[in-house]
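Residue strings, one per chain:
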Amino acid sequence: MKASIGIKIGGGFALVAAALIIIGGLAYMNIKETLEYAKKAEQAYAVINKEGDLLKKYTAEIQANSQSALVIVTYGILIVSAAVVLIAFLIIRNIIKPLKDMTKVAASIASGDISVDVPAYNRSDEIGIFARTMKDMTRYLGKIADGLKQIAVGDLNVRFTEQSERDMLGSALSDMTQYLKMTTEAAYQIANGDLSVKVKALSEKDTLGVSFTTMTNNLKKMMEDLGEAANTIASTSSEILALTTQLASSSERTATSVTETTTTIEEVKQMALIVNQKANSIPEIAKNAQEVTETGKKSIEETITGMNRIRNQMEFIAESIVKLSEQSQSIGLIISSVNDLANQSNLLAVNASIEAAKAGEHGKGFAVVAQEVRNLAEQSKSATEQVRNILNDIQKAISAAVMATEQGTKAVEAGVKQSHETGQSIAMIAESVNGTVQSAFQIVASTNEQVAGMDQSAYAMEVIKKASDQIVLSTRQAETATQNLHEMGQKLKQMVERYNF
Amino acid sequence: MENKQSLPGKKAIDWEEIRNRIKASGEFIEHEWKLEAEARKKILEARAAALAREMKDEEDVDGHLNVVEFLLSYETYGLESVYIGEIYPLEEYTPVPCTPPFVLGIINVRGKILSVIDIRKFFELPEKGLTGLNQVIILRSDKMEFGILADSITGVRRIPAREVQPSLPTLTGLRADYLKGVTKEGLVILDADKILSDPGIIVHEEA
């Protein structure tokens with residue numbers, strides 16, 4: 001084999017060199033691909049973990065490693081190509097092959113497959129170290145991935161020991177779990193009703209923290225509003241309760257009043273019916289009254305006729321009395337002349353006595369006669385005096401009679417006038433009676449309407465009664481509903497009070 | 001018609017009674033007018049008996065005074081009938097001018113002209129209101145004849161002379177001169193003779 005190799009060295013050197021260049025170019029290409037993969041992995045990691053920065057850095061390290069690897073490879077190429085041509089074949093056989101394998105492993109890691117099996121080279125050279133380091137890396141990455149998986153299923157009890165002080169990925173994981181634990185704790189407290197918990201946003205980009213803060217604030221606000229609403233509901237429902245209670249009692253009173261009003265309407269109706277009956281009887285009474293007034297009229301006419309007759313009689317009586325008076329006057333005249341005669345007789349007797357006295361003894365008898373004549377004359381005189389007195393009395397009586405007759409005549413005239421007035425009064429009464437009859441008819445019509453109106457009122461009252469009963473019922477229901485609302489408000493209040501904010 | 005029951009407080013007029021009363025009074029007048037002959041005869045007989053009585057005190061004729069009593073100013077005076085011519089009713093008189101106040105005037109008594117004296121003025125008696133003054137008592141003597149006024153003549157009496165008392169000492173003056181005496185009843189009897197012969201009563205033409 002060595003001979004062939006030696007033979008081929010000269011010819012093949014260029015080939016080998018060319019091949020090496022090609023291989024190197026290929027490797028370079030591969031490394032470039034790896035770099036791209038690394039970039040993709042970076043993106044992938046970024047998707048898995050929102051805190052992608054650390055992973056990115058890590059990937060950058062990988063990239064750096066890859067770059068150092070590239071340098072090594074480049075150096076190798078340069079060494080091989082420049083110094084060792086002979087042993088190139090050997091070297092190629094001992095180096096290229098592991099490198100190829102290791103490149104494959106790196107590519108797998110770059111594509112995210114960290115479960116790839118890193119071949120173990122039991123050698124102490126750089127290849128072996130590289131392989132062992134790669135193995136450590138995969139193991140480390142696996143641990144990180146396991147932790148992330150655990151976090152992804154919600155288990156935050158991840159124990160991760162940082163590999164070194166500069167273990168950024170580990171510390172990031174550690175920080176992440178701690179952060180998540182803190183947030184969870186806050187969520188737990190909120191779930192238990194303690195809204196006083198404060199979640200501090202780590203940065204402006206800490207959306208979770210900001211969201212938590214916003215959430216607790218919003219919840220607080222909501223709880224406050226709810227509390228206020230509950231209070232409002234409680235007080236309002238109390239007021240509504242009071243109002244409905246009042247309304248219920250008012251409705252009951254209304255129902256009572258309606259009942260009383262219905263009774264009153266019934267009474268009024270009965271009264272209207274009585275009035276109707278009475279008014280119905282008025283026309284008959286009025287007819288009787290008309291008959292009575294007719295009779296009265298006739299009586300008055302008869303009275304006037306009678307009065308006129310009496311007046312005529314009175315005139316006759318007055319005439320008779322005047323005649324009597326005149327006759328008594330002539331008696332007076334006669335008596336006066338008789339008195340004159342008596343006076344003359346008396347004087348004659350006195351003169352006769354004087355003559356008799358002159359005659360002395362012879363005249364004595366004659367003196368006695370003369371005395372007697374004188375006595376007779378005196379008697380005649382006193383008789384005429386009496387007659388005159390009687391005549392005076394008669395005259396007085398006649399005057400009284402005339403006066404009485406005159407008064408009687410006047411009384412009769414007054415009676416006639418009175419009778420005329422009475423007749424007029426009776427006529428007026430008759431008219432009034434007619435008016436009364438008309439009024440009575442109107443009253444009958446009015447009371448009929450009144451009765452109908454009362455019926456309608458009674459019906460309306462019935463409707464009002466039903467409505468008020470309905471109102472009472474509805475008010476009771478409203479009362480119950482308000483009671484429920486009140487209780488609900490109380491419950492809501494208690495619920496809100498359970499929250500501490 | 002019902003009113004025939006009369007008004008309360010007034011009795012219904014009993015026309016029957018009134019008619020009866022009028023009839024009775026009419027009958028009474030008729031009856032009294034024609035006095036029955038017997039009753040008239042009784043009266044006349046009574047009068048004749050009275051006239052036929054004898055004068056008991058015929059022998060005392062000188063001791064009597066025939067006195068005509070008359071009323072003047074509510075007082076009763078008396079004059080002896082011897083001096084009285086007659087009594088004449090004063091119907092109309094003619095006042096005479098230029099005569100004393102006590103001369104009323106002159107009257108015509110059946111053709112004879114006489115003067116009339118108001119003795120109240122002559123005696124200076126107080127005039128007590130208006131009185132009748134419708135009688136003239138004509139006094140007559142041989143020398144004089146005139147009339148004095150009187151209200152009325154009461155009558156002619158015979159008075160026993162012893163009953164006439166002399167004039168009262170309380171009366172003085174003119175009245176006392178013409179008094180004849182006063183009776184127990186207070187009748188003042190004037191002295192007609194003195195009045196007739198009094199020169200003061202004569203109206204002198206030259207006065």
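Residues numbered from 1 in each chain as written. Chains lettered and ligands numbered in written order. Predicted model: local features only at pLDDT ≥ 70, side-chain atom pairs only at ≥ 80, totals over all residues. Heavy atoms only, no water.

With that settled, consider the overall build of chain A. Secondary structure assignment for chain A yields seven helices and zero strands. For chain A, the sequential pattern of α-helices and β-strands runs α-α-α-α-α-α-α. Here chain A, with 501 residues, has 27% of them falling under the buried criterion. In chain A, the share of contacts with a sequence separation of at least 24, taken over all contacts with a separation of at least 6, comes to 75%. (Helix = DSSP H or I, 4+ residues; strand = E, 2+ residues; numbered from the N terminus. Buried < 20%, exposed > 50% of the residue type's maximum accessible area, 1.4 Å probe, protein only. Contact = heavy atoms within 4.5 Å.)

Before going further, it helps to spend a moment on the sheet that holds strand 8 (residues 152–160) of chain B. Residue and element names in this part refer to chain B. One open sheet accounts for five strands, arranged 8-1-2-10-9; its pairing is mixed. Each having just a single partner strand, strand 8 and strand 9 (179–182) make up the two edges of the open sheet. Between one strand axis and the next, the sheet turns by 30° as a mean value, whatever way the strands run. Sheet topology places strand 2 (residues 75–80) next to strand 10 (residues 188–190); two bridges connect them, and they run parallel. Directly across from Tyr77, in strand 10, lies its bridge partner Val188. (Pairing = 2+ DSSP bridges. Axes fitted to C-alpha atoms, helices over the stretch in contact; angles between N-to-C directions.)

The next subject is the side chain of B:Ser81. The topology assignment puts B:Ser81 in the loop between strand 2 and strand 3 (84–89). The exposure class of B:Ser81 is buried, given its relative accessible area of 1%. Beyond its immediate sequence surroundings of up to four residues, B:Ser81 is in contact with A:Ile354, A:Ala357, A:Lys358, B:Asn66, B:Val67 and B:Val68.

Let us look at the packing of aromatic side chains. Residues and elements named next belong to chain B. Counted by the stated rule, this structure contains three aromatic pairs over all chains. Where Phe102 meets Phe122, the ring centres are 5.1 Å apart and the plane angle is 75°; that geometry is what we call edge-to-face. Of the two residues, Phe102 is situated in the loop between strand 3 and strand 4 (103–109) and Phe122 in helix 3 (residues 119–122); the sequence distance between them amounts to 20 residues. Exposure class is identical for Phe102 and Phe122. Each is buried. (Phe/Tyr/Trp six-rings, centres within 6.5 Å; stacked < 30°, edge-to-face > 60°.)

What follows covers unusual backbone geometry. Residue and element names in this part refer to chain B. Here the phi dihedral of Ser73 falls at roughly 50°; this positive angle occurs in a residue that is not glycine. In this structure, Ser73 sits in the loop between strand 1 (64–72) and strand 2. Under the relative-accessibility criterion, Ser73 is labelled buried at 6%. Within the chain, Arg110 stands out as a residue other than glycine whose phi angle is a positive 45°. Mapped onto the elements, Arg110 comes out in the loop between strand 4 and strand 5 (112–117).

This part covers the interface of chain A and chain B. Taken together, the contacts link 16 residues of chain A with 22 residues of chain B. Note on chain A versus chain B: buried area summed over both sides is about 1,600 Å², and carbon and sulfur give 63% of it. It is A:Leu347, A:Ile354 and A:Lys364 that lose the most area in chain A upon contact with chain B, and together they represent 31% of the buried surface on that side. Taken together, the connections running from chain A to chain B amount to zero salt bridges. Scanning the region where chain A abuts chain B turns up four residue pairs in polar contact (both at pLDDT 80 or more). Elements represented by at least two residues in the side of chain A that touches chain B include exactly helix 6 (207–358) and helix 7 (364–498) of chain A. If one sorts the elements of the side of chain A that touches chain B by residue count, helix 6 of chain A sits on top with eight residues. (Buried area = accessible area lost by both parts, 1.4 Å probe. Salt bridge = Lys/Arg side-chain N within 4 Å of Asp/Glu carboxyl O. Polar contact = N/O pair within 3.5 Å; in protein donor to acceptor, adjacent residues only side chain to side chain.)

So, on to helix 4 (residues 126–152) of chain A. A rise of 1.5 Å per residue sets the reference length of helix 4 of chain A, with its 27 residues, at 39 Å; its end C-alpha atoms lie 38 Å apart and thus fit the reference within 8%. The first or second residue beyond helix 4 of chain A is A:Gly154, which carries a positive phi of 95°. (Expected span 1.5 Å × (residues − 1).)

Moving on, we get to the pairing of strand 3 of chain B. Residue and element names in this part refer to chain B. Strand 3 sits mainly inside the fold: five of its six residues count as buried. In this sheet, strand 6 (residues 135–140) lies alongside strand 3 in antiparallel orientation, the contact comprising five bridges. The partner of Glu86 across the bridge, within strand 6, is Ile138.

The next point concerns the nonpolar core. Residues B:Phe70, B:Leu79, B:Ile87, B:Ile137, B:Leu139, B:Ile148 and B:Leu190 are the most contacted members of the largest nonpolar core, which totals 43 residues. In this view, B:Phe70 contacts B:Glu75, B:Thr76, B:Tyr77, B:Gly78, B:Leu79, B:Ile137, B:Ile148, B:Ala150, B:Ser152, B:Ile153, B:Thr154 and B:Leu190; residues no more than four positions away in its chain are not counted. (Core = buried A, V, L, I, M, F, W, Y, C linked by side-chain atoms within 4.5 Å.)

To continue, consider a nonpolar patch on the surface. Together, A:Val71, A:Tyr75, A:Leu78 and A:Ile79 make up a nonpolar patch on the protein surface, roughly 400 Å² of accessible area in all. Tracing the backbone through its elements, the reader meets A:Leu78 in helix 2 (residues 52–82). (Patch = residues over 30% accessible without salt bridge, like charges linked within 9 Å, V, L, I, M, F, W, Y side chains within 5 Å. Areas by Shrake-Rupley, 256 points an atom, 1.4 Å probe, with all protein chains shown as cover.)

Once that is clear, we can look at the environment of B:Gly155. Note that B:Gly155 resides in strand 8. Setting aside residues up to four positions removed in sequence, B:Gly155 forms contacts with A:Arg374, B:Val67, B:Val68 and B:Glu69.

Turning our attention to the side chain of B:Arg120. Residue and element names in this part refer to chain B. Along the chain, Arg120 falls in helix 3. When its relative accessible area of 5% is taken as the criterion, Arg120 is described as buried. Among the polar contacts made by the side chain of Arg120, one reaches the side chain of Asp118 at a distance of 3.0 Å. Excluding residues that lie within four positions of it along the chain, Arg120 makes contacts with Leu72, Ser73, Leu125, Glu127, Thr131 and Leu133.

Before going further, it helps to spend a moment on the pairing of strand 9 of chain B. Residues and elements named next belong to chain B. Of the strand pairs in this sheet, strand 9 and strand 10 are connected by three bridges, and their pairing is antiparallel. Bridge pairing in strand 10 links Leu179 to Leu190. Taking the residues between adjacent antiparallel strands as the criterion, strand 9 and strand 10 are bridged by five residues, where Gly186 takes a positive phi near 90°.

Residue and element names in this part refer to chain A. A full pass over the atoms with the stated rule returns 19 salt bridges over all chains. Between Asp117 and Lys135 there is a salt bridge, with its nearest N and O atoms 3.8 Å apart. Of the two residues, Asp117 is situated in the loop between helix 3 (86–110) and helix 4 and Lys135 in helix 4; the sequence distance between them amounts to 18 residues. Judged by its relative accessible area of 34%, Lys135 falls in the partly exposed class.

Okay, the environment of A:Ala445 next. Secondary-structure assignment places A:Ala445 in helix 7. As a C-alpha pair, A:Ala445 and A:Asn280 span 165 residues in sequence and 9.9 Å in three-dimensional space.

Spatially, 3-6-7-5-4 (chain B) is the arrangement adopted by the five strands of the open sheet, whose pairing is mixed. Among the strands making up the open sheet, the edge pair consists of strand 3 and strand 4 of chain B. If you compare each strand with its neighbour and ignore which way they point, the axes differ by 30° on average. Helix-sheet contacts for helix 6 of chain A involve strand 3 and strand 6 of chain B, and the interaxial angle to strand 3 of chain B is about 175°.

Residues and elements named next belong to chain A. In contact at an axis separation of 11 Å, helix 5 (residues 168–191) and helix 6 are set at 10° when each is read in the N-to-C sense. Classed by the angle they form, the pair helix 5 and helix 6 counts as roughly parallel. Across the interface between the two elements, Tyr179, Thr183, Ala186, Ala187 and Ile190 from helix 5 touch Leu208, Gly209, Phe212, Met215, Thr216 and Leu219 from helix 6. (Parallel < 35°, antiparallel > 145°, perpendicular 65-115°, else oblique.)

For chain B, per-residue confidence averages 79 on the pLDDT scale, and residues scoring 70 or more make up 81% of the total. Per-element averaging of pLDDT across chain B places helix 4 (residues 173–177) of chain B at the bottom with 66 and strand 5 of chain B at the top with 91. (pLDDT = per-residue confidence, 0-100.)

Our next topic: the packing of helix 4 of chain A against helix 5 of chain A. All names here are of chain A. At a minimum axis separation of 11 Å, helix 4 and helix 5 run at an interaxial angle of 10°. As far as their axial angle goes, helix 5 and helix 4 are roughly parallel. Residues Tyr140, Leu141, Ile144, Gly147, Leu148 and Ile151 of helix 4 touch helix 5, and the partners they reach there are Leu169, Gly170, Leu173, Met176, Thr177 and Leu180. Classifying every residue of the contact of helix 4 with helix 5 by side-chain character gives nine nonpolar, three polar and no charged. (Nonpolar A, V, L, I, M, F, W, Y, C, P; charged D, E, K, R; others polar.)

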